[in-house]
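Notes for the structure review
Chain by chain, the residues:
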Amino acid sequence: MLPMYRLHRSPLFILIAILALSALACQAFSIDPPDAVQQPADQQELVDQAVATVIAQLPQATGMPPVTTSQVAPISTDIESALIDLYKRVNPAVVHIFVLDEQSFVAGTGSGFVYDNLGHIVTNNHVVSGASGLEVVFEDGVRMSAEVVGTDVDSDLAVIKIESLPEGVLPIPLGDSNNVAVGQFVVAIGNPFGEAGSLSLGIISGLGRSLSSDRIAEGGGRYSLPQVLQTDAAINPGNSGGPLLNLAGEVVGVNSAIRTATGTNSGVGFSIPVNAVRRVVPALIAEGVYHYPYIGIRMTSLDLASQQEMGLPQATGAYVTDITPNSPAQRAGIIASGFNDTVGLLPGGDLIIAVDGQPINSPDDLISFLVFNAEVDQTITLTVIRDGEQIDVPLTLSQRP
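Definitions and cut-offs
Residues numbered from 1 in each chain as written. Predicted model: local features only at pLDDT ≥ 70, side-chain atom pairs only at ≥ 80, totals over all residues. Heavy atoms only, no water. Salt bridge = Lys/Arg side-chain N within 4 Å of Asp/Glu carboxyl O. Helix = DSSP H or I, 4+ residues; strand = E, 2+ residues; numbered from the N terminus. Buried < 20%, exposed > 50% of the residue type's maximum accessible area, 1.4 Å probe, protein only. Patch = residues over 30% accessible without salt bridge, like charges linked within 9 Å, V, L, I, M, F, W, Y side chains within 5 Å. Areas by Shrake-Rupley, 256 points an atom, 1.4 Å probe, with all protein chains shown as cover. Contact = heavy atoms within 4.5 Å. Phe/Tyr/Trp six-rings, centres within 6.5 Å; stacked < 30°, edge-to-face > 60°. Lys NZ or Arg CZ within 6 Å of the ring centre and 35° of its normal. Pairing = 2+ DSSP bridges.

By the definition in use, this model includes six salt bridges. Between R215 and D154 there is a salt bridge, with its nearest N and O atoms 2.6 Å apart. Remark: D154 occurs in the loop between β5 (143-152) and β6 (157-161) and R215 occurs in strand β8 (residues 198-216); sequence separation between them is 61 residues. Residue classification places D154 among the buried positions, given a relative accessible area of 6%. Notably, a salt bridge pairs E375 with R279, separated by 3.4 Å at the nearest N-O pair. Linking E375 in the loop between α10 (363-373) and β20 (379-386) with R279 in helix α7 (residues 274-287), this pair joins segments that are 96 residues apart in sequence. Among the residues examined, E375 registers a relative accessible area of 46% and is labelled partly exposed.

Unlike most non-glycine residues, S104 shows phi in positive territory, near 65 degrees. With respect to the helices and strands, the residue S104 is situated in the loop between β1 (94-100) and β2 (106-114). Overall, the relative accessible area of 54% leaves S104 in the exposed class.

With that out of the way, let us pick up a nonpolar patch on the surface. Taken together, the side chains of I79, F185, L199 and L201 define a hydrophobic patch exposed on the protein surface, amounting to about 300 Å² of accessible area. Among the structural elements, F185 can be located in strand β7 (residues 185-190). Taking relative accessible area as the criterion, F185 reaches 36% and is therefore assigned partly exposed.

When you line up the elements, R386 lands in strand β20. Taking C-alpha positions, R386 is 7.2 Å from G349, a pair spaced 37 residues apart along the chain. Once you skip the residues sitting within four places of it in the chain, R386 turns out to touch G333, I334, I335, D350, I391 and V393.

With that settled, the discussion passes to the packing of aromatic side chains. For the structure on display, the rule yields one aromatic pair. With 4.7 Å between their ring centres and 90 degrees between their planes, Y290 and Y292 make a pair best called edge-to-face. Note on accessibility: Y290 and Y292 belong to one class, buried. Between the NZ or CZ atom of R143 and the centre of the ring of F98, over which it lies, the distance is 5.4 Å. In this arrangement the basic side chain of R400 is found over the ring face of Y223, its NZ or CZ atom lying 4.0 Å from the centre.

Right, let's get into the pairing of β20. Regular strands place side chains that alternate from one sheet face to the opposite one. Counting buried positions along β20 gives six out of eight residues, so the element sits mostly inside the fold. As paired strands, strand β18 (residues 351-355) and β20 are joined by four bridges and run antiparallel to one another. Each residue of the ladder has a partner; that of A354, found in β20, is T383. Here β20 runs beside strand β21 (residues 389-396); their pairing, made up of eight bridges, is antiparallel. Across the sheet, the residue bridging to V384 is I391, located in β21.

In structure tokens, the structure reads:
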């Protein structure tokens, strides 16, 4: 008989003995149903499987490294390799922007990226606003002075320019924000908290968000930029103006803001869609400003209760509540409902349900059409529901004041 400590330390012996006895017992007492097909058992295979299971559960010998999950299920290196390659290609064209005050002291920092071979760099308006001087630092430490070429407060975009690009630095290609999907991997590169050339990985968390302009509009209120991208890629102070990229290394957005109570990343960041860059930046380079088309209305969305109170056949659309005097909307005869501080929305306003045949399900849809599809002096057709009837109203857009 083996000593007890030997039995305790030899589970393999016990298991094999049990399996052998079980096999003999099965041979002696097993009874198969008459119609059953006999399948010869592979005893060695059973033993091998059992032994392998026991060995896997045994404590490892002292000094042996533990088995890791990557050994059990190796992690694919495809994304890792893609990110490394992306960073090597793109980071040389991402710059650290230092904003200088009148005494040439650093008043703030931000990020930007090379737009073309002429030395134009895209960043945020709020990064360069009020700057007395700008200094741009590239990945290799090369420093250059920059000047502001154009700014647009409503899209929070700006263009600055340096004399020439360092050798080997290439513009970052622009993607198409219309092709961005929720769940898609994206990368932010910038200079959070002054930590130059920082990369963070995340996904697109949401589409169709909006950002309010820092400018107060004529008559009160603020304009907003539609089709803004929401991402959980870490964006912090200093990331502003840096690119949001797809895994092909194309710019899909310009990082602009975070929603947070602490001033640091909380997983909700916002990026200006690259299709706004495509429209606004060429105008900033050519003229220093961008002119938005303008209707001159205030509008709101409706819930079901408001729809019933207004006697409207649908809740979707943009309900007109106010019209700016001498605006395109007033000249076209658009009707507003007015607003009562006590009662709230009033009946009688036009409900815009389409523009040039494209459905308008909310005010954001109309804003998106104006920002991304329309031009100043263009004549458009608004389809509205008025007094229970659907009518078409031609309207010629003017320049946003």
